[in-house]
Amino acid sequence: MNTVLSRANSLFAFSLSVMAALTFGCFITTAFKDRRVPVDIHVSKVMLKNVDDFTGPRERSDLGFITFDLSANLQPIFDWNVKQLFLYLSAEYTTRNNALNQVVLWDKIVLRGENPKLYLRDMKSKYFFFDDGNGLRANKNITLTLSWNVVPNAGLLPLVAGSGHMSVPFPETYEMTKSY
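Residues numbered from 1 in each chain as written. Predicted model: local features only at pLDDT ≥ 70, side-chain atom pairs only at ≥ 80, totals over all residues. Heavy atoms only, no water.

In plain terms, the rule: UniProt positions are given in the numbering used here, feature names are shortened, and annotations may be inferred rather than shown by experiment.
An unreviewed UniProt entry lists the protein under the name Signal peptidase complex subunit 3, with Cynoglossus semilaevis as the source organism. Turning to the protein, the UniProt record has this under Subcellular location (unreviewed entry): "Endoplasmic reticulum membrane".

Digging into the domain arrangement of the protein
Note the following rule: All the domain ranges listed were derived from an automatic or database domain assignment. When checking whether two residues touch, look at their non-hydrogen atoms; a contact exists if any pair is within 4.5 Å. When two components associate, each loses some accessible surface as probed by a 1.4 Å sphere; the sum of these losses over both components is called the buried area.
What the domain assignment reports for the protein is domain 1 (1-32) and domain 2 (34-168). Computed over C-alpha atoms only, the centres of domain 1 and domain 2 are separated by 42 Å. On the domain 2 side, the residues contacting the six residues of domain 1 number eight residues. At the boundary of domain 1 with domain 2, total buried surface from both sides reaches about 500 Å², with 64% on carbon and sulfur atoms.

Topic: the packing of aromatic side chains
Heads up, the condition is: We call Phe, Tyr and Trp rings a pair once their centres come within 6.5 Å, taking the six-membered ring for Trp, and we label the pair stacked below 30 degrees between planes, edge-to-face above 60, and tilted otherwise. A 1.4 Å probe rolled over the protein chains alone gives each residue an accessible area, and that area as a share of the maximum for its type sets the label: buried under 20%, exposed over 50%, partly exposed in between.
Evaluation of the coordinates by the stated rule reveals six aromatic pairs. Each ring, one from Phe 128 and one from Phe 130, has its centre 6.0 Å from the other, and the planes form 55 degrees; the classification is tilted. Given a relative accessible area of 59%, Phe 128 falls into the exposed group. The exposure class of Phe 130 is partly exposed, given its relative accessible area of 38%.

Focus on the side chain of Asp 62
What counts here: Helix and strand labels come from DSSP, where a helix needs a run of H or I of at least four residues and a strand needs a run of E of at least two; each type is numbered from the N terminus. Only four residue types enter the tally: Lys and Arg on the positive side, Asp and Glu on the negative side; His and the chain ends are excluded. By definition, a salt bridge exists where a carboxyl oxygen of Asp or Glu is found within 4 Å of a side-chain nitrogen of Lys or Arg. Polar contact is the term for a pair of N or O atoms within 3.5 Å; when the atoms are in protein, one must be able to donate a hydrogen and the other to accept it, and sequence-neighboring residues count only if both atoms are side-chain atoms.
When you line up the elements, Asp 62 lands in strand β2 (residues 59-73). We note that Asp 62 is buried and unpaired, the nearest opposite charge coming from Arg 137 at a distance of 5.9 Å. Among the polar contacts listed, one links the side chain of Asp 62 to the backbone nitrogen of Gly 135, at a separation of 3.5 Å. For Asp 62, the side chain forms a polar contact with the main-chain nitrogen of Arg 137, separated by 3.1 Å. If we ignore the near neighbours within four places in the chain, the residues touching Asp 62 are Leu 48, Lys 49, Asn 50, Phe 129, Phe 130, Asp 131, Gly 133, Asn 134, Gly 135, Leu 136, Arg 137 and Tyr 174.

Written out as structure tokens, the structure is:
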């Protein structure tokens, strides 16, 4: 005869199997959903400084400052399987030394239940925009892109780039002012 522990083990294993099947079914209902939405990025001010780089032997590096406007309606992304979105604005550009440079300038977490419509005006970059040399000066093709990670209740963590980006030319001269 089966003991109480044997029956409890069978019941637990069956319950776990049913919950795993339900979780997979929940995941598959949103796994192939397109999570791209239109994004509008506008840059109102670009400033460039040449500052001391304390990581190298008495070298100077470019430090960029960007003021931007950002608008996007993230409501279509949210469904029952989305816990939160991790948004980040990144800059991509090429230099003589590197074929691809990527720098995160700003980020934000949007939780379910918060306002999913972004209308941000005159935002400054949250993180420093350093280049390891002088690759920002007179660079005509620095592309800003808003991307996000979808954090689901069950399933994969997709990385999505918004449909809409902006290319920004940087100035050919450095600013000598102390403030931004």
